Structure formats: structure tokens, C-alpha cells
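Structural description and commentary
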Amino acid sequence: MDRQGAVAELRAALAGFVRTHPDVSGPWCVALSGGPDSLALTAVVAALRPTTALIVDHGLQPGSARVAATARSQALSLGCVDAQIIPVDVGTDGGPEAAARTARYRALGQARRGAPVLLAHTLDDQAETVLLGLGRGSGARSLAGMQSYDPPWGRPLLGVRRAVTHRACAELGLTPWQDPHNADPRYTRVRLRAEVLPLLEEVLGGGVAEALARTATALREDTDALDDIAARAVVPAGEAGLAVADLAPLPTAVRRRVIRGWLLAGGACELTDRQIRAVDALVTDWRGQGGVAVPGDRSRVRLFAGRRDGRLTLYREPVAERHR
């Protein structure tokens, strides 16, 4: 491999991303943690188009402000037109990983000022995502992994191995930050990365990460096609809800997507495959059962999907306050 091989591979991946998604125009933002993946991405992105680095300081580790300041200096030295440090308060909902991710995406979404945000997820991250979805039984949507472009989020490195970004940093003379959380076995992804994937590579003779990423791509194509069919299915959804008679004849995969879209439009969020199946059972296996609780976007009320007079309906109930 020539001296600039890794950097050239990243440039080629970025060029392919732009060809595939020509609507990702104008200035870009890039999410920069200071780690090797995001630092290498920032280097190639800043050389191609006016780029603002967005550096989220989660404040979860001693010295996080110093790490953020170093990342900002590196971004400016790489040619970014601006580099912003965004301190955030991380909550506790869903555990530390989920809470940090929620805070990070919210901060990036608020700071991007209408520009797309490029994220440095690699093929290895995609493989880990597929394994997580498989282990949790989250359904095809989760196994389809991350999308290369899910506006405003762009992931141009989904076809690139993590080792390439590390080599690119070395080629460019960059010193990335090594996040100690990435070696902490308390985090599920760390154990997948350090224990599960290496074991699968050994047992199956290599190529597992690439195979998982190909699986995600194939499932994404199938999922997108079924989503499009579901979007065109004629199932009127008025204030009275969805008519069971309209839903029942639909193929199962299409019907569940119609139900998912209806739930999301009604205020549901972060739906799981199990919850969608439970609501679907109100159509296909109706025995007079009560409503199905689904996660909603309001903290003080609980959202339910139920069946009444031959229709699926949504209703809310206040969350009972806990008395000490």
C-alpha cells in the first residue's frame, strides 16, 4: 500500500457518498469527538467543502473540556471554517450509552443550522449495530443497521473498516484521542468489539464484519421497498383510528409498517418490534384484550393503542404520581 493509501480510501468513500446523495449540498458539519474515526473524517471533509466541526462535550470524564479544546484546535488546523464546542447535560434515561447518544444528537441537531451533519460511523460500527439488533430480537428494521444518509445525518464511512481511519491519522501525522470508554467492558458495544466479533471471526474463518454489513445493506433495501409499499397502501387514518377491515387483508410485513407509521404519527416514539407485533395482534388475534402500552413523547401521560368498534384507536392516560 502506498503512503497515502488510507487517506485515499477515505477520500474515495466520501466521493462515493456525494455521488450517491447529490442532494447533500452546501456547507457541511462534521461531528468530531477527537477520536481516530471522526478526526480522519474531518481531515478529508474539510479539504473538500466548507466544514464546521461540532464537538460535543458530554462532561462525563475528567478533562473532557481539555479533550474538546484539543479537538477544536485540530479541526481548525485541518481547514475547518469553524469549530464549535457544545457542552451538554447527559441524563439517565435508557442507561449511560443511550442517554449520552440522546444528548449528543439533540445538541448536534440544534447546532447544525440547517446543514447536514457527517458522522464517522464505520463498517465495524455497522456490524456491531447488526449484532446488537440480532441479540435483542429487534426485527428487520434494526438488523438493517444505520443508513448512509438519514437527513440530516450522513455516514460516508459505513463501507470503511475502522483500521483505515487509524492508518489515515498516522499518515496525516494526527494524534487522536483514545476514549477510555472504548475499552470499558461495562459497555455492551465494547464487549461486542473486543470479545464477540473476534470470536466470530475465528470460528467462521474471517470476513464476519463485512458479511454483517452486507446483511444490513440487503435488509435496508428490502425494508425501504416495504416501507414504500406501506406508504402507498390505502388505509384511511382519521380521528377515529384505523379500520381493522382495511388492515386485515394486507400482507403482514406491510400491515405492521402501516401500524408503525400510524403510531408514530400519533405521538409514539422508539417503538420496538415486540410492541408493534402486540398492536398487530389487535387486528389478527383479537380476543377482547386490552390496550397495548407504547412509548410516547410526553412524560406525564402513557400512550396506548387499543381496539374499539372495529377500529384501532390511540388514547392516553395520566401517569400516576408516586407517593413517598
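Residues numbered from 1 in each chain as written. Predicted model: local features only at pLDDT ≥ 70, side-chain atom pairs only at ≥ 80, totals over all residues. Heavy atoms only, no water.

1. Brief notes about the UniProt feature "binding site: ATP" (unreviewed entry) in the protein chain
Residues annotated by UniProt as "binding site: ATP" (unreviewed entry) correspond here to Ser 33, Gly 34, Gly 35, Pro 36, Asp 37 and Ser 38. Along the chain, Ser 33 falls in the loop between β1 (28–31) and α2 (36–46). Those residues in contact with Ser 33 that lie beyond four places of it in its chain are Ser 38, Val 67, Ala 71 and Trp 177. A polar contact is formed between the side chain of Ser 33 and the backbone nitrogen of Gly 35, at a distance of 3.1 Å. (UniProt positions renumbered as here; feature names shortened; annotations may be inferred. Helix = DSSP H or I, 4+ residues; strand = E, 2+ residues; numbered from the N terminus. Contact = heavy atoms within 4.5 Å. Polar contact = N/O pair within 3.5 Å; in protein donor to acceptor, adjacent residues only side chain to side chain.)

2. Regarding the sheet that holds strand β10 (residues 301–308)
The strand order β7-β8-β11-β10-β9 describes an open sheet built from five strands, whose pairing is antiparallel. Each of the sheet's edge strands pairs with one partner strand only, and the pair in question is β7 (237–238) and β9 (292–294). In terms of strand pairing, β7 meets strand β8 (residues 241–243) through two bridges, oriented antiparallel. Looking at β8, one finds that Ala 237 is bridged to Leu 242. Sitting on the sheet, helix α11 (residues 252–265) is in contact with β7, β8, β10 and β11 (311–318), with an inclination near 35° to β11. (Pairing = 2+ DSSP bridges. Axes fitted to C-alpha atoms, helices over the stretch in contact; angles between N-to-C directions.)

3. Describing the side chain of Asp 57
Looking at the element boundaries, Asp 57 is found in strand β2 (residues 51–57). For the buried Asp 57, no salt bridge exists, and the shortest N-O distance to an oppositely charged side chain is 11 Å, to Arg 104. Here the side chain of Asp 57 touches Gly 59 through a polar contact of 3.0 Å, landing on its backbone nitrogen. At 2.8 Å, the side chain of Asp 57 forms a polar contact with the side chain of Ser 64. Excluding its chain neighbours within four sequence positions, the residues that come into contact with Asp 57 are Ser 64, Ala 65, Ala 68, Ile 85, Ile 86, Pro 87 and Val 88. (Buried < 20%, exposed > 50% of the residue type's maximum accessible area, 1.4 Å probe, protein only. Lys, Arg positive; Asp, Glu negative; His and termini not counted. Salt bridge = Lys/Arg side-chain N within 4 Å of Asp/Glu carboxyl O.)

4. Focus on the state of the cysteines
Across all of its chains, the model carries zero disulfides by this definition. Distance from the sulfur of Cys 29, which forms no disulfide, to the nearest cysteine sulfur (Cys 80) is 9.6 Å. (Disulfide = S-S within 2.5 Å.)

5. Considering the packing of helix α8 (residues 188–204) against helix α9 (residues 208–232)
At a minimum axis distance of 9 Å, the contact between α8 and α9 shows a crossing angle of 100°. Here α8 is positioned roughly perpendicular relative to α9, judged by the angle of their axes. Along its contact with α8, which presents Leu 197, Leu 200, Glu 201 and Leu 204, the element α9 presents Val 208, Ala 209 and Leu 212. Grouping the constituent residues of the contact of α8 with α9 by class yields six nonpolar, no polar and one charged. (Parallel < 35°, antiparallel > 145°, perpendicular 65-115°, else oblique. Nonpolar A, V, L, I, M, F, W, Y, C, P; charged D, E, K, R; others polar.)

6. Brief notes about the nonpolar core
With 33 residues, the main nonpolar core has Leu 10, Leu 32, Leu 41, Val 44, Val 45, Ala 53 and Leu 118 as its most contacted residues. Here this core gets seven residues from one element, more than from any other, and that element is α2. The residues touching Val 45, leaving out its near neighbours within four places in the chain, are Leu 14, Trp 28, Thr 51 and Leu 118. Leu 247, Leu 250, Ala 268 and Leu 312 belong to the second-largest nonpolar core, a separate cluster that totals 22 residues. (Core = buried A, V, L, I, M, F, W, Y, C linked by side-chain atoms within 4.5 Å.)

7. A short note on the packing of helix α5 (residues 123–136) against α9
It is at 8 Å that the axes of α5 and α9 come closest, and there the two elements cross at 70°. Regarding the angle of α5 to α9, the classification is roughly perpendicular. For the pair formed by α5 and α9, the contact residues are Leu 123, Gln 126, Ala 127, Val 130 and Leu 131 on the first element and Ala 209, Glu 210, Leu 212, Ala 213 and Ala 216 on the second. When the residues that make up the contact of α5 with α9 are grouped by side-chain class, the tally is eight nonpolar, one polar and one charged.

8. A word on the side chain of Ser 38
Considering the arrangement of structural elements, one finds Ser 38 in helix α2. In this structure the side chain of Ser 38 is engaged in a polar contact, spanning 3.0 Å, whose partner is the backbone nitrogen of Ser 33. Apart from residues no more than four positions distant in its own chain, Ser 38 is found in contact with Ala 31, Leu 32, Ser 33 and Ala 120.

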